[in-house]
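# Breakdown of the fold
Residues per chain are reported as follows:
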Amino acid sequence: MSINKVILVGNVGKDPDVRYLDSGVAVANFPFATSETYKNKNSEKVTTTEWHNIVIWRGLAEIVEKYVKKGSQLYLEGKIRTRSWDDRDGNKRYTTEIVADTMQMLGRRGDESLAPPPSEEKPSTGETNEEDNTTEETDDLPF
């Protein structure tokens, strides 16, 4: 038995490139950065960044097209895939990609760049509605 599973949390490096195949299937590609911070021998803070090539297909790619942009923080799950091709000069080229099949948009509440468009519902104000005598709760979470 073998397992090919990748879990990444990081940030989108540039606006996703989303294209549609002749069959109508969407595919999104974008660079994705994960960073690690540690202290070296001199107690200096050091951050290293690893870049990943992300590929997302079908309906998830359509969501990426609508809501994901450079700087978006994402949780991704998928698998590592290496593929090869011959370039114009006949040289064998390779690339390693993460083919993501699960995506969760992260970020702070109120980050408009990550939020879907607002719905038509009116926001909760914590006020009592006189007509039906119900109280709406105010969301006062710190995040």
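## Quick notes on the overall build of the protein
Across its full length, the protein carries one helix and eight strands. Each helix and strand of the protein, ordered N terminal to C terminal, gives the series β-β-β-β-α-β-β-β-β. A buried classification covers 24% of the 143 residues belonging to the protein. Summarising the internal contacts of the protein: among those between residues at least 6 apart in sequence, 54% fall at separations of at least 24. Within the structure as shown, the protein displays about 11,000 Å² of accessible surface, and the carbon and sulfur contribution to it stands at 46%.

## Regarding the side chain of Glu77
Note on placement: Glu77 falls in strand S5 (residues 73-86). Among the polar contacts made by the side chain of Glu77, one reaches the side chain of Tyr75 at a distance of 2.4 Å. Beyond its immediate stretch of four places on either side in the chain, Glu77 contacts Lys5, Val6, Ile7, Val99, Ala100, Asp101 and Thr102.

## So, unusual backbone geometry
Its identity as a non-glycine residue notwithstanding, Ser43 has a phi of 60 degrees, on the positive side. Along the chain, Ser43 falls in the loop between strand S3 (26-39) and strand S4 (45-57). Ser43 gets classed as exposed once you look at its relative accessible area, which sits at 54%. Within the chain, Arg58 stands out as a residue other than glycine whose phi angle is a positive 55 degrees. Examined against the element boundaries, Arg58 turns out to sit in helix H1 (residues 58-67).

## Notes on the pairing of S4
Of the strand pairs in this sheet, S3 and S4 are connected by 13 bridges, and their pairing is antiparallel. What sits directly across from Ala28, in S4, is Ile56. Here S4 pairs with strand S6 (residues 92-105) via three bridges, running parallel. Paired with Val55 across the two strands is Val99, which belongs to S6.

## A word on H1
Of the positions making up H1, those classed as buried are Leu60, Ala61 and Val64. On an axial view of H1, the arc spanned by its buried residues comes to 105 degrees, and they lie on one face. Facing away from the buried side of H1 by more than 90 degrees, the exposed set consists of Arg58 and Lys66. Each element contacted by the buried residues of H1 is listed here: strand S2 (17-20), S3, S4 and S6.

## Some thoughts on the pairing of strand S1 (residues 6-12)
Note that S1 and S5 share six bridges and pair antiparallel. Residue pairing across strands places Leu8 opposite Leu76, the latter belonging to S5. In this structure, S1 lies alongside S3, joined through two bridges in antiparallel fashion. Looking at S3, one finds that Asn11 is bridged to Ala33.

Parameters and conventions
Residues numbered from 1 in each chain as written. Predicted model: local features only at pLDDT ≥ 70, side-chain atom pairs only at ≥ 80, totals over all residues. Heavy atoms only, no water. Helix = DSSP H or I, 4+ residues; strand = E, 2+ residues; numbered from the N terminus. Buried < 20%, exposed > 50% of the residue type's maximum accessible area, 1.4 Å probe, protein only. Contact = heavy atoms within 4.5 Å. Areas by Shrake-Rupley, 256 points an atom, 1.4 Å probe, with all protein chains shown as cover. Polar contact = N/O pair within 3.5 Å; in protein donor to acceptor, adjacent residues only side chain to side chain. Pairing = 2+ DSSP bridges. Arc of directions from axis to C-beta.

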